[in-house]
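Structural overview for review
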Amino acid sequence: MILTPEELHTVRRVAVEEYPRESCGVVVVRGEERRLVRCRNIQNELHAKEPARYPRDARTAYYIDPKDLLRIGRLEDEGFTVAVIFHSHVDAGAYFSETDRRQALVGGEPSYPAAIYLVTSVVGGRPEAMAAFRWDAATRDFLPVDLGAPSPSVGEPSAVSASKRLYSRAERLMPGGVNSPVRAFRGVGGEPFFVARAEGARLWDVEGHAYIDFVGSWGPLILGHAPRPVVEAIIAAAPRGTSYGAPTPGEVELAEAITAAYPSMEMVRLVSSGTEAAMSAIRLARGATGRDVVMKFDGCYHGHADSLLVKAGSGGATFGIPDSGGVPAPLAALTVTVPFNDLPAVAAVFRERGDRVAAVIVEPIAGNMGVVPPLPGFLEGLRELTTAHGALLIFDEVITGFRVAYGGAQALYGVRPDLTCLGKIIGGGLPVGAYGGRRDLMGRVAPLGDVYQAGTLSGNPLAVAAGLATLAALRQGDAYARLEALSAQLERGLRAGAEKAGVPLVVNRVGSMLTAFFCGGRVIDYASARRADTARYARYFHAMLERGVYLAPSQFEAAFVSLAHSEADIEHAARAAADASASLALA
């Protein structure tokens, strides 16, 4: 027996948890006593400090923390011997490579001639194969040996999986078992998996399965999961206090960063969510204009405030609910909806009741009916019409802010709104929102003016610290050029897979946000988005999930690429898309 079943299970689990880094460890024995020692890979830390000395290549993929070497040495001093040395190959097979050989030999001789060397192949975050090798003095080479009977692999489903047990408990305690409707997988069928942890471009479920993540917490994680600058900023801020209910220097710094990036936002107010930002902007528009009607667009989602849940997209689109229960009809009547990208329809509303329209609120790039970019002239036309009729133009850039460009969609298209709503990225993964605009308008907000808005956790110091760290990272180097290149690569991969399989697919993309619609023809508004084959998307979603790629569990959502994604991640997603598309063609 090379390993006990429990040890074999642990070796596989460690390989998955460390992915996309290589894992390493040893099993030491003393008589009947066995101990498994997991070692820490510090290659990333060394590379960050001295990239020239510690490059990222196959020869330097692993550096064991010296503390672990001392720990193994102490065990040897206590009479233990090293019986097994295990490590993983990332996105490669289970073989004994030339690099493995060089690391195992010192002066041409193995450091541990009696040890078994165990290699685990991890591809796309999933353990694919294991192989064992031992030094053969006669051939002076490492030769394969029989690994013995396999133990259950990491994530092998038991009669009832951990996610299923958690979901059963959650359903008794939370509506639908979730804290936001789309997470329940009702748009794709099946039951949601539960996340144990995440790092970089990947997340791991409670069974140990790894997924390349293109949801990214629905947009905020443009740097990926747990990026070091953000984590360090939170760690530094937390001991100073998690909330004060009083002004802080960080709030001022974040306000300065936002207003510098968005010249239209001469003043800004921090809040705790995108919903709160949009709700507050609408209230300000009504207060500033003295009018009560708000115009929005079919399929655009601006949070769950009562006056905005009228023909909403996102969760509303997924469940086919044009209005939400609990929204009074008289309040809903104050919201007028028109088709996205339809300027004549907007003009018609202004002709009929322009003197009552307080504001037009729009996602400049729709993201909650799936990604739908504005047609040429659409945003410019909104600017002209609102100005001509004395209404305000509100850009809801909760998704697009700092995503499609550092200055958001308004910088990308050169259109300046009166008010802007932000969220997601400005909190670095923590709850946050903001709204702002012209100084004369923001001067109407309490305590300066008569439009009231307040919040206990507004400007939370942890969220502010995370946001500042995120924006600082986005200002460095070629962040947006890299996002564009990776996203274009993903778009090409999705298209190519569908084309090869003969599956109709339309990919809409702006920068690092995109949606693959399962339909033919252009998708330019909510009506054309609704033509997508949601049943086919559901099958595609699960096929991608089985191949280690996590997309949004709804046809009517965006996929997001982060700076943590690598070209190899995108290539893996493209291969998965080709296989998933082929499976659709056969269905």
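Remember, predicted model here, so these are calculated numbers, not experimental data. (Residues numbered from 1 in each chain as written. Predicted model: local features only at pLDDT ≥ 70, side-chain atom pairs only at ≥ 80, totals over all residues. Heavy atoms only, no water.)

Side note on the state of the cysteines
Under the counting rule described, the total for this entry stands at zero disulfides. With no disulfide of its own, Cys 300 has Cys 421 as its nearest cysteine by sulfur position, at a separation of 12 Å. The exposure class of Cys 300 is buried, given its relative accessible area of 0%. (Disulfide = S-S within 2.5 Å. Buried < 20%, exposed > 50% of the residue type's maximum accessible area, 1.4 Å probe, protein only.)

Brief notes about the side chain of His 565
In this fold, His 565 is placed in the loop between strand 22 (559-560) and helix 19 (567-586). Engagement of the side chain of His 565 in a polar contact is seen with the backbone nitrogen of Ser 562, the distance being 2.9 Å. (Helix = DSSP H or I, 4+ residues; strand = E, 2+ residues; numbered from the N terminus. Polar contact = N/O pair within 3.5 Å; in protein donor to acceptor, adjacent residues only side chain to side chain.)

Observations regarding the packing of helix 11 (residues 343-353) against helix 12 (residues 378-388)
Interaxial distance between helix 11 and helix 12 falls to 10 Å at its minimum, and their mutual angle equals 10°. By the angle between their directions, the pair helix 11 and helix 12 is classed as roughly parallel. Only Phe 378, Gly 381, Leu 382, Leu 385 and Thr 386 of helix 12 make contact with helix 11, whose side of the interface consists of Leu 343, Val 346, Ala 347 and Phe 350. A per-class count over the contact of helix 11 with helix 12 returns seven nonpolar, two polar and no charged. (Axes fitted to C-alpha atoms, helices over the stretch in contact; angles between N-to-C directions. Parallel < 35°, antiparallel > 145°, perpendicular 65-115°, else oblique. Contact = heavy atoms within 4.5 Å. Nonpolar A, V, L, I, M, F, W, Y, C, P; charged D, E, K, R; others polar.)

Examining the sheet that holds strand 19 (residues 506-510)
Taken together, three strands build an open sheet; the order of strands is 19-20-22 and the sheet is antiparallel. Edge positions in the sheet fall to strand 19 and strand 22, since each has one partner strand and no second. Two strands pair when backbone bridges link them, and strand 19 and strand 20 (residues 513-517) are joined in this way by five bridges, in the antiparallel orientation. Residue pairing in the sheet places Arg 509 in a bridge with Leu 514 of strand 20. (Pairing = 2+ DSSP bridges.)

Structural notes on the packing of aromatic side chains
For the structure on display, the rule yields 18 aromatic pairs. Relative to Phe 340, the ring of Phe 297 lies with its centre 6.1 Å away and its plane at 90°, an arrangement referred to as edge-to-face. With Phe 297 in strand 13 (residues 293-297) and Phe 340 in the loop between strand 14 (335-338) and helix 11, this residue pair connects regions lying 43 residues apart in the sequence. Here Phe 340 falls in the buried class, since its relative accessible area comes to 1%. Judged by centre distance (5.2 Å) and plane angle (65°), the rings of Phe 340 and Phe 378 are edge-to-face. Placement of the pair is Phe 340 in the loop between strand 14 and helix 11 and Phe 378 in helix 12, with a sequence separation of 38 residues. Of the aromatic side chains, those joined through ring pairs into one cluster are Phe 96, Tyr 117, Phe 133, Trp 135 and Phe 142. In this structure, Arg 197 packs its charged tip against the face of Trp 204, placed 3.8 Å from the ring centre. (Phe/Tyr/Trp six-rings, centres within 6.5 Å; stacked < 30°, edge-to-face > 60°. Lys NZ or Arg CZ within 6 Å of the ring centre and 35° of its normal.)

Describing the confidence of the model for the chain
Across the chain, the average pLDDT comes to 91, with 94% of residues at or above 70. Contacts from residues 316-322, a stretch scored under 50 in pLDDT, to residues over four places away or in other chains number 15 contacts. (pLDDT = per-residue confidence, 0-100.)

Digging into the environment of Thr 4
Mapped onto the fold, Thr 4 is located in the segment before helix 1 (5-18). Here Thr 4 falls in the buried class, since its relative accessible area comes to 15%. Taking the C-alpha atoms as reference, Thr 4 lies 57 Å from Ala 409; in sequence the two are 405 residues apart.

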